[in-house]
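Structure at a glance
Residue strings, one per chain:
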Amino acid sequence: MNLSVILAHPSKTSFNNAIAEASVSELRKNDHDIIFHDLYDEKFDPILPKEEIPKDASLPPEIGKHCKELSAADGIIIIHPNWWGQPPAILKGWIDRVFRPGVAYEFSEGDKGEGVPVGLLKAKAAIVFNTSNTPSERELEVFGDPLEALWKNCIFDLCGVTSFYRRMFSMIVTSTPEQRMEWLREVREVMNRYFPRAEQPRMNQ
Ligand SMILES: Cc1cc2nc3c(=O)[nH]c(=O)nc-3n(C[C@H](O)[C@H](O)[C@H](O)COP(=O)(O)O)c2cc1C
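Treat the numbers as computed from the prediction; the structure is a model and nothing was measured. Note that residues are indexed from 1 along each chain, following the sequence as it is written. Reporting in this predicted model follows two pLDDT cut-offs: at least 70 for local features of residues, and 80 or more for side-chain atom pairs to be given and counted; totals over whole chains, interfaces and linings ignore these cut-offs and use all residues. Hydrogens and water are ignored here; the side-chain numbers use all heavy atoms of the structure.

Here a residue is considered near a molecule or strand provided that any single heavy atom belonging to it is located within 4 Å of it. Residues in contact with the ligand amount to 14 residues; listed here are only the nearest, His9, Asn16, Asn82, Thr131 and Thr134. Polar contact is defined as a pair of N or O atoms within 3.5 Å, subject to the rule that within protein one atom must be able to donate a hydrogen and the other to accept it, and that residues adjacent in sequence are counted only when both atoms are side-chain atoms. Trp84 places a main-chain nitrogen or oxygen 2.9 Å from a nitrogen atom of the ligand. Helical segments are the DSSP runs of H or I of at least four residues, strand segments are the runs of E of at least two, and each set is numbered from the N terminus. Sorting the residues of the shell around the ligand by element identifies helix H1 (15-29) and strand S6 (125-132) as the ones contributing at least two each. Amino acid classes used here: Ala, Val, Leu, Ile, Met, Phe, Trp, Tyr, Cys and Pro are nonpolar; Asp, Glu, Lys and Arg are charged; the rest, including Gly, are polar. Of the residues that constitute the shell around the ligand, the class distribution is five nonpolar, nine polar and no charged.

Rendered as structure tokens:
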């Protein structure tokens, strides 16, 4: 399978970075074709210029490449910390520029944009790993778990990816090395569950 892994965290020593490493190495073990983007490392420019807004806009090569990869992905894995109930701005900008009309969604003929868009992504599943320092009950009860609504409803469901799994690891700041090891084991288990190794065709004797 073609799998796209996107990491948005500025520090190589972060737990997010460890989640990305665990995800990519497990997916490689399962013989998938992985495209990995560390958005900070690549200095992704998150600013959507007005010229890129129209559906038929001509795109800078690096944005066109991201769009092609998104369209071709059989699975999408997103990894980022909870920053104010939102993704880091670099990842928000990646969504703005890459989840484009004609790539991730489109409006039916005659719909000027007031209707319900049609999702265009062919990915079979989207996985989102988040980290935070808020207990999950408080995140839900006090803040309404905005990252769940954002990724599940506003983005992947709208763009046609209905198999969705999200896990928020919390609380990072007080976690022990043992807890983190266990969380990384869970990451690998999720990767194996959603993206197992393809069965080999049986050889005729
Ligand atoms: C700008 C910023 C905003 C943050 N906002 C929140 C927040 O709204 N809720 C929360 O639980 N933690 C928040 N945090 C804490 C991060 O979620 C936490 O440091 C991160 O998940 C730890 O993972 P890491 O070791 O990979 O950095 C924030 C941190 C930063 C730097």
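It is worth spelling out the pairing of strand S7 (residues 164-170) at this point. The element S7 is largely enclosed, with a buried count of five among its seven residues. Here, any two strands with at least 2 DSSP bridges between them count as paired. One ladder, built from seven bridges, connects S6 with S7; its direction is parallel. Looking across to S7, one finds that Phe129 is bridged to Arg167. Only protein chains enter the calculation, and the probe is 1.4 Å; a residue is then buried if its accessible area is under 20% of its type maximum, exposed if over 50%, and partly exposed in between.

As used here, the term nonpolar core means buried Ala, Val, Leu, Ile, Met, Phe, Trp, Tyr and Cys residues forming a set that is joined through side-chain atoms within 4.5 Å. Counting residues in hydrophobic clusters, the biggest one holds 31 residues, and the most contacted among them are Ile78, Trp94, Phe99, Trp151 and Phe156. For this core, the secondary structure elements donating two or more residues are helix H2 (61-72), strand S3 (75-81), helix H3 (89-98), S6, helix H5 (146-157) and S7. Of all the elements, H3 adds the most residues to this core, at five residues. The contact criterion used is simple: two residues touch if any of their non-hydrogen atoms lie within 4.5 Å. Ignoring anything within four residues of it in the chain, the contact list for Trp94 reads Ile6, Leu39, Phe44, His66, Ile78 and Phe99. By size, the runner-up hydrophobic cluster in this structure holds 24 residues, among which are Leu27, Phe129, Phe169 and Val190.

Using protein atoms alone on a 1 Å grid, points that fit a 1.4 Å probe yet trap it form a cavity, whereas open point sets bounded by protein on both sides within 12 Å along at least five of seven lines form a pocket; residues with an atom within 4 Å of a point count as lining. Grid points are joined across faces, edges and corners, and a volume is the space filled by probe spheres set on the points. Inspection of every chain in the model, using the stated rule, returns one cavity of 30 Å³ or more. Roughly 50 Å³ of internal volume is contained in the largest cavity. Lining the largest cavity, in full, are Ser4, Ile6, His37, His66, Glu69, Leu70 and Trp94. Only strand S1 (2-7) and H2 provide two or more residues apiece to the lining of the largest cavity. Per-element accounting of the lining of the largest cavity gives the leading share, three residues, to H2. A per-class count over the lining of the largest cavity returns three nonpolar, three polar and one charged.

Any functional reading would require information beyond the geometric quantities listed.
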